[in-house]
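# Structural characterization, general
Residue-level listing of the chains:
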There are 2 protein chains.
Amino acid sequence: MTATEEILDEVPWSGVSPDAARRLMVAAVEAFAERGYHATTTRDIAGRAGMSPAALYIHYKTKEELLHKISTIGHAKAVAILQSAADAEGTPAERLEQAVRHFVVWHAGHHTTARVVQYELDALDAEHRAEVVQLRRQCDAAVRRILTDGVKAGDFEVPDIPGATLAVLSLCIDVARWFNVAGRRTPDEVGASYADLVLRMVGARPRS
Amino acid sequence: MTATEEILDEVPWSGVSPDAARRLMVAAVEAFAERGYHATTTRDIAGRAGMSPAALYIHYKTKEELLHKISTIGHAKAVAILQSAADAEGTPAERLEQAVRHFVVWHAGHHTTARVVQYELDALDAEHRAEVVQLRRQCDAAVRRILTDGVKAGDFEVPDIPGATLAVLSLCIDVARWFNVAGRRTPDEVGASYADLVLRMVGARPRS
C-alpha cells in the first residue's frame, strides 16, 4: 500500500472507543457537514447513530465536546502529514512535493471531515479554539521549515516565506470545498498536479 | 480611486431597493455567515434588520429566496471582475495579474459575503443552483481564456489548463476563509502577492 493509499484508507476515528463513541463521531461529522454545526442538535446526532439522546450523553457532555474531538483528531492528522514530510529525507523540493501531495489527498479523500474541521473553528469555545490554533501553527511551521530549507539551499526563490506558506496551505485546504468524488480527478491526481503547481510557486523546477 | 479601492468600496447590495429589502439582505448575509444558513430563521433575519417577520415576507417569500438573491449578486460580481480582466488590453500576464488581484481583493474585502456565496451553494434549490453553476462556469471560462491566450503566445507554460484554472480560482476563493481584517496584510497586499504566485504557477516570470 502506498503512502497516499494509506491516507485515503485510514478512518480518522479508528482510535476512538468504545464503538458507540466512534459511531456518534461519524454521525456528528455527517450532520455538521450537511446542515452546519449550529443547525445540528445532539438529538439529530444520536438519531443518525441509531441511539437515544441519553445514550449520547454517556459519551459526550455537549455538542461542542464532539466538535472539539473531531477538530483535534483532524488537525492532529494534518500536523502528522506535514511534519512527516518536513522531517523526510530528500531535497526540499521532494519534501515539499510530499507535503502537498499527502495534504491534498487527505483533504480530497476525507473532504466531509475536512470541511467540518476547517469551517467550524468559530463554533469551538475559547479554550478549545486556542488548542486548535496551536495545532494550526504546527502545520504552518512544518511548511515554513521546508520553504526556508529550500531557500537556504538555493533551490527555491521565495520573496515572502510566511505569505507563500499561507498560500500553499490555503490551496490544499480549499480542495475540501470543491473536491467531488464524482469528478474527473482522483485525490492522488489532484495531489500530483498541485505538487507541481506549488513547486512552480516557490520557484523550483518541477521534476517533470 | 483605483480599481481595487472601487472593489473594496462597493456595497454589493447597493442596487437592491427598496431600502427595507436591502437591509434584510445585509442582515441575512450576517446571520448566514455567523450561524450558517440552516441555523438561521427568517425571524432572526427580520430581527437583525429591526423588522417584523411579516415585514420580511413583503420582500422575500422564503429564506431560500434571500440566499438565491445574495448568491446571484455575489456570483455576478465575480463574473464581472474576471471577465473584465479577460477582456482587458495588455499581455496575458497583465490580464492574469489583474484577474487574480481583483478577485482576491473582492474575497478579502467582502469576506463575509464571499463565505456565504461560496459555502452555502448546497442550500439553494435545484433550479437556483443550476443558475449559479452557470455563473461559476463563466468565471472558469474567463480565467481559462487568459491561460489559453498565454500558452498560445508562448508566455505561459501550463500542461493542464483546466486543472490550473481550478487551482487559480480556488486559491483566490479560499482567501475568504482565512482573511482577517485584524491581520497584517491588506486586501491589496494579498492580491499583489497572490498575483505573483499565480504568475509563477503558470510559468510566467513575475515582473518583479
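Residues numbered from 1 in each chain as written. Chains lettered and ligands numbered in written order. Predicted model: local features only at pLDDT ≥ 70, side-chain atom pairs only at ≥ 80, totals over all residues. Heavy atoms only, no water.

Structural alignment of chain B on chain A gives an RMSD of 0.0 Å, achieved by rotating through 180° and translating 0.0 Å along the axis. Here the transformation between the copies is reduced to the relation of a two-fold axis. Distance from the rotation axis, computed per C-alpha, reaches its smallest value in chain B at A39(B): 2.1 Å. Mapped onto chain A, 100% of the interface residues of chain B again fall at the interface, so both copies present the same surface. (Least-squares fit on C-alpha atoms with pLDDT ≥ 70 in both. Contact = heavy atoms within 4.5 Å.)

So, about the UniProt feature "DNA-binding region" (unreviewed entry) in chain A. The UniProt record marks residues 41–60 of chain A with the feature "DNA-binding region" (unreviewed entry), using the residue numbering of this structure. Its end C-alpha atoms 13 Å apart, residues 41–60 of chain A is made of 70% helix and 0% strand. (UniProt positions renumbered as here; feature names shortened; annotations may be inferred. Helix = DSSP H or I, 4+ residues; strand = E, 2+ residues; numbered from the N terminus.)

Turning our attention to the packing of aromatic side chains. Residue and element names in this part refer to chain A. Evaluated as defined, the whole model comprises seven aromatic pairs over all chains. Centroid distance W178 to F179: 6.2 Å. Interplanar angle 50°. Geometry classified as tilted. For W178, a relative accessible area of 18% gives the class buried. Here a set of aromatic residues connected by ring pairs shows up, and it is made of W178, F179 and Y194. In this structure, K63 packs its charged tip against the face of Y37, placed 4.2 Å from the ring centre. (Phe/Tyr/Trp six-rings, centres within 6.5 Å; stacked < 30°, edge-to-face > 60°. Buried < 20%, exposed > 50% of the residue type's maximum accessible area, 1.4 Å probe, protein only. Lys NZ or Arg CZ within 6 Å of the ring centre and 35° of its normal.)

Moving on, we come to unusual backbone geometry. For the peptide bond that leads from S17(A) to P18(A), omega is 0°, which places it in the cis range. On the secondary structure map, P18(A) appears in the loop between α1 (3–9) and α2 (19–35).

Residues and elements named next belong to chain B. Here W13 shows up in the loop between α1 (3–9) and α2 (19–35). Between the alpha carbons of W13 and K69 there is a distance of 9.7 Å; along the sequence they are 56 residues apart. Here W13 is in contact with R22, M25, V26, V29, I70, I73 and T113, once residues within four sequence places are set aside.

All right, on to the UniProt feature "domain: HTH tetR-type" (unreviewed entry) in chain A then. Taking the UniProt record as the reference, the feature "domain: HTH tetR-type" (unreviewed entry) is found at residues 18–78 of chain A. Taken end to end, residues 18–78 of chain A comprises 77% helix and 0% strand; its first and last C-alpha atoms sit 24 Å apart.

Moving on: the packing of helix α6 (residues 92–109) of chain B against helix α11 (residues 187–201) of chain B. All names here are of chain B. Look at α6 against α11: their axes get within 8 Å of each other, and the N-to-C directions meet at 140°. Considering their axes alone, α6 and α11 lie oblique with respect to each other. Helix-helix and strand crossings are classified by hand; for α6 and α11 the assignment is right-handed. Residues A93, L96, E97, V100, R101, V104, V105, A108 and G109 of α6 form the contact with α11, whose participating residues are P187, D188, V190, G191, A192, Y194, A195, V198 and L199. Here the contact of α6 with α11 is composed, by residue class, of 13 nonpolar, two polar and three charged. (Axes fitted to C-alpha atoms, helices over the stretch in contact; angles between N-to-C directions. Parallel < 35°, antiparallel > 145°, perpendicular 65-115°, else oblique. Left-handed = near helix turned anticlockwise from the far one by under 90°. Nonpolar A, V, L, I, M, F, W, Y, C, P; charged D, E, K, R; others polar.)

Another point: the packing of helix α9 (residues 161–173) of chain A against helix α9 (residues 161–173) of chain B. The description of two packed helices rests on the angle between their axes and on the distance between the axes. Remark: α9(A) packs on α9(B), axes separated minimally by 9 Å, with the N-to-C direction vectors making an angle of 110°. By the criterion of interaxial angle, the relationship of α9(A) to α9(B) is roughly perpendicular. For the pair α9(A) and α9(B), the sense of crossing is right-handed. For the pair formed by α9(A) and α9(B), the contact residues are A167(A), S170(A) and L171(A) on the first element and A167(B), S170(B) and L171(B) on the second. Residues belonging to the contact of α9(A) with α9(B) are distributed by class as follows: four nonpolar, two polar and no charged.

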